[in-house]
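As a plain string of letters, each chain reads:
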Amino acid sequence: MSNAVTITPELASFSKEIKDLNLTPLWERTVSQQPGTPCKGKIWSWSDLEPKLLESTRLIGTKDAERRVLMLENPVLPGTSFSTQTLFTGLQIILPGEVASAHRHTPNALRFVVKGKGAYTSVEGERTMMSPGDFIVTPNWAWHDHGNIGNEPVVWMDGLDSAFTKFFGATFREDYPVDVQPLYRSEGDAIATFGSALLPVEYKFEGHASPLLVYPYARTREALHHLQKTQAAHPSHGVKLRYANPANGKYPFPTMAAFMQLLPKGYCGRPYRTTESQVFNVAEGHGSVKVGDETFHFGPHDIFVVPPWNTVSFDVGEDCVVFSYTDRAAQDALGFLREEML
Ligand code: GTQ
Ligand code: FE2
């Protein structure tokens, strides 16, 4: 509904008078009542990203940078660190022998491993090796540090809900007293405990984020390829699975959802829109995606952003596997989520 109030001279002078009292008449507001934001759809191609990441390794170390991250900012949000109004997207690179020191903070973080082998992340006393395509969970207020014990650079994408902590005025962080936190769980404990649709007999979920620290790509990929053979693809999403918190079947974070989808060779998807902010990272394959009025051609490791209520449709000439994360968990919990196929 837009207002059609005729502003009489009396109303105009009334508005002027109350301004000094920090009051504004609602009948004069011009804010949009439609879904969506000023954010733009955008793609960052790996051919632009990789050289800049490598260049940054020659200019700064993890000692100084703490995290060597290039933030992907929406063109309408320069200086904010955000790729949409609700999501942070960064690309982190770590060289052999480097350590990214231990800290914790109120924002939740997810990692999607892009390229390279030999890096680990340690979360609350458990170390996990990172492989391309893995989805990794760093819950709010969990101590975490990263390192590279291999012999090549390792790159991953960071997705944070720091826009939420900022919005609420609840951004806190703390450094661990030493660079590398002590390990008090064995590598593989989380996946053995929570990664097979089994739970410890007396387990009660009391956290906020998924206790499964890593969702390995090999398993996700196999599931998608199996399902591609046995069932019809969704008209808009192809074969798409949601990463679940194994303790409650919900989202891995109270704010963020994550997905992996397989778009089979020749797939031409129906346009779809959602109130979610969506960030995609291409794991495999080349194709194109239409976001609003723009068509982006994508290949492996490209990252693209679909702001709320922008129409999105996929068209691929070969099998593509695409990771994404969104603010769906928060919107679902709050009752805001809306979506439609067009
Ligand atoms: O790896 O701990 O991209 O704390 C931004 C903030 C990564 C991290 C980011 C962080 C991290
Ligand atoms: Fe962090």
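Everything in this summary refers to the structure shown in the same document. (Residues numbered from 1 in each chain as written. Chains lettered and ligands numbered in written order. Predicted model: local features only at pLDDT ≥ 70, side-chain atom pairs only at ≥ 80, totals over all residues. Heavy atoms only, no water.)

A word on the overall build of the protein chain
Here is step 1 of the chain: Of the regular secondary structure elements, the protein chain holds seven helices and 22 strands.
Here is step 2 of the chain: Against the compact-globule benchmark of 20 Å for 342 residues, the protein chain has a radius of gyration of 22 Å, which places it among compact chains.
Here is step 3 of the chain: Seen through its principal axes, the protein chain has C-alpha atoms that stretch 75 × 50 × 50 Å.
Here is step 4 of the chain: Taking all 342 residues of the protein chain together, the buried fraction comes to 48%.
Here is step 5 of the chain: Long-range pairs, those at least 24 residues apart, make up 74% of the contacts in the protein chain with a sequence separation of at least 6. (Helix = DSSP H or I, 4+ residues; strand = E, 2+ residues; numbered from the N terminus. Rg over C-alpha atoms; globule rule 2.2 N^0.38 Å. Buried < 20%, exposed > 50% of the residue type's maximum accessible area, 1.4 Å probe, protein only. Contact = heavy atoms within 4.5 Å.)

Observations regarding the pattern of salt bridges
Here is step 1 of the chain: Per the stated rule, a full pass over the model turns up 13 salt bridges.
Here is step 2 of the chain: A salt bridge links R173 to E66, with the shortest nitrogen-to-oxygen separation between them at 3.2 Å. Linking R173 in strand β11 (residues 173-175) with E66 in the loop between α3 (62-65) and β2 (69-71), this pair joins segments that are 107 residues apart in sequence.
Here is step 3 of the chain: With relative accessibility at 43%, the residue R173 sits in the partly exposed group.
Here is step 4 of the chain: A salt bridge links R104 to E174; the nearest nitrogen and oxygen atoms lie 2.8 Å apart. Taken as a pair, R104 in strand β4 (residues 99-105) and E174 in strand β11 lie far apart in primary sequence, 70 residues in all.
Here is step 5 of the chain: Owing to a relative accessible area of 32%, E174 belongs among the partly exposed residues under this scheme.
Here is step 6 of the chain: Three or more residues are tied together by salt bridges with common partners; here these are E66, R173 and D175. (Salt bridge = Lys/Arg side-chain N within 4 Å of Asp/Glu carboxyl O.)

Focus on a nonpolar patch on the surface
Here is step 1 of the chain: Taken together, V5, I7, F14 and W27 make up a surface patch of nonpolar side chains, about 330 Å² in accessible area.
Here is step 2 of the chain: Its place among the elements puts F14 in helix α1 (residues 9-19). (Patch = residues over 30% accessible without salt bridge, like charges linked within 9 Å, V, L, I, M, F, W, Y side chains within 5 Å. Areas by Shrake-Rupley, 256 points an atom, 1.4 Å probe, with all protein chains shown as cover.)

Section: the site of ligand 1
Here is step 1 of the chain: All residues in the neighbourhood of ligand 1 are listed as R67, V69, F88, Q92, H103, H105, R111, H144, H146, D158 and L160.
Here is step 2 of the chain: Between an oxygen atom of ligand 1 and a side-chain N or O atom of R67, the distance comes to 2.8 Å.
Here is step 3 of the chain: H146 places a side-chain nitrogen or oxygen 2.7 Å from an oxygen atom of ligand 1.
Here is step 4 of the chain: When isolated, ligand 1 has an accessible area of 290 Å², and the protein chains bury 89% of it.
Here is step 5 of the chain: Those elements giving two or more residues to the shell around ligand 1 turn out to be β3 (88-94), β4, β9 (144-148) and β10 (154-160).
Here is step 6 of the chain: Counted by class, the shell around ligand 1 contains three nonpolar, five polar and three charged residues. (Near = heavy atom within 4 Å. Polar contact = N/O pair within 3.5 Å; in protein donor to acceptor, adjacent residues only side chain to side chain. Nonpolar A, V, L, I, M, F, W, Y, C, P; charged D, E, K, R; others polar.)

Examining unusual backbone geometry
Here is step 1 of the chain: Here E124, not a glycine, exhibits a phi torsion of approximately 45°, which is positive.
Here is step 2 of the chain: Assessed through its relative accessible area of 25%, E124 is described here as partly exposed.
Here is step 3 of the chain: In this structure, W309 takes a positive phi of about 65° despite not being glycine.

A look at the sheet that holds strand β14 (residues 257-263)
Here is step 1 of the chain: The sheet built from six strands is open, its strands ordered β1-β19-β16-β21-β14-β13 with antiparallel pairing. Where the open sheet ends on each side, the last strands, each with one partner, are β1 (42-44) and β13 (239-242). Along the sheet, successive strands turn relative to each other by an average axial angle of 20°, direction set aside.
Here is step 2 of the chain: Pairing of β13 with β14, which is carried by four bridges, proceeds in the antiparallel orientation. In the sheet register, K240 faces β14, and the bridge partner there is Q261.
Here is step 3 of the chain: Strands in contact with helix α6 (residues 217-230) are β13, β14, β16 (278-284) and β21 (320-326); relative to β14, the strand with the most contacts, it is inclined by about 50°. (Pairing = 2+ DSSP bridges. Axes fitted to C-alpha atoms, helices over the stretch in contact; angles between N-to-C directions.)

Details of α6
An α-helical turn contains 3.6 residues, so any two residues separated by three or four positions project in the same direction.
Here is step 1 of the chain: Across its 14 residues, α6 extends 20 Å between first and last C-alpha, which sits within 8% of the 20 Å expected from 1.5 Å per residue.
Here is step 2 of the chain: The elements touched by buried residues of α6 are β12 (214-215), β13, β14, β16 and β21. (Expected span 1.5 Å × (residues − 1).)

Quick word on the sheet that holds β10
Here is step 1 of the chain: Overall, antiparallel pairing links the six strands, which are arranged β2-β3-β10-β5-β8-β12 in an open sheet. Lying at the two open borders of the sheet, with one neighbouring strand each, are β2 and β12.
Here is step 2 of the chain: With six bridges joining them, strand β5 (residues 109-115) and β10 adopt antiparallel strand pairing. Looking across to β10, one finds that L110 is bridged to G159.
Here is step 3 of the chain: Against the sheet, helix α2 (residues 46-59) contacts β2, β3, β5 and β10, and its axis sits at roughly 55° relative to β3.

Section: α2
Here is step 1 of the chain: For α2, built from 14 residues, the straight-helix expectation of 20 Å at 1.5 Å per residue is met to within 8% by its first-to-last C-alpha distance of 20 Å.
Here is step 2 of the chain: All of the buried residues in α2 are W46, L49, L53, S56 and T57. Relative to the axis of α2, the buried residues are bounded by an arc of 105° and lie together on one face. Looking at α2, the residues exposed on the side facing more than 90 degrees away from the buried face are S47, D48, R58 and L59.
Here is step 3 of the chain: On its buried face, α2 is in contact with β1, β2, β3, β5, β10 and β19 (303-306). (Arc of directions from axis to C-beta.)

What about the coordination of the iron ion (ligand 2)?
Under ideal tetrahedral coordination, the four donors around a metal are separated by 109.5 degrees; under ideal octahedral coordination, the six donors are separated by 90 or 180 degrees.
Here is step 1 of the chain: Within the first shell, the iron ion (ligand 2) binds the protein through H103 (NE2), H105 (NE2) and H144 (NE2), at distances of 2.1 Å.
Here is step 2 of the chain: In the primary sequence, the donor residues of the iron ion (ligand 2) line up as H-x1-H-x38-H.
Here is step 3 of the chain: You can call H103 buried: its relative accessible area is 5%.
Here is step 4 of the chain: For H105, a relative accessible area of 11% corresponds to the buried category. (Donors = N, O, S within 2.8 Å, 3.2 Å for Na, K, Ca; no water.)

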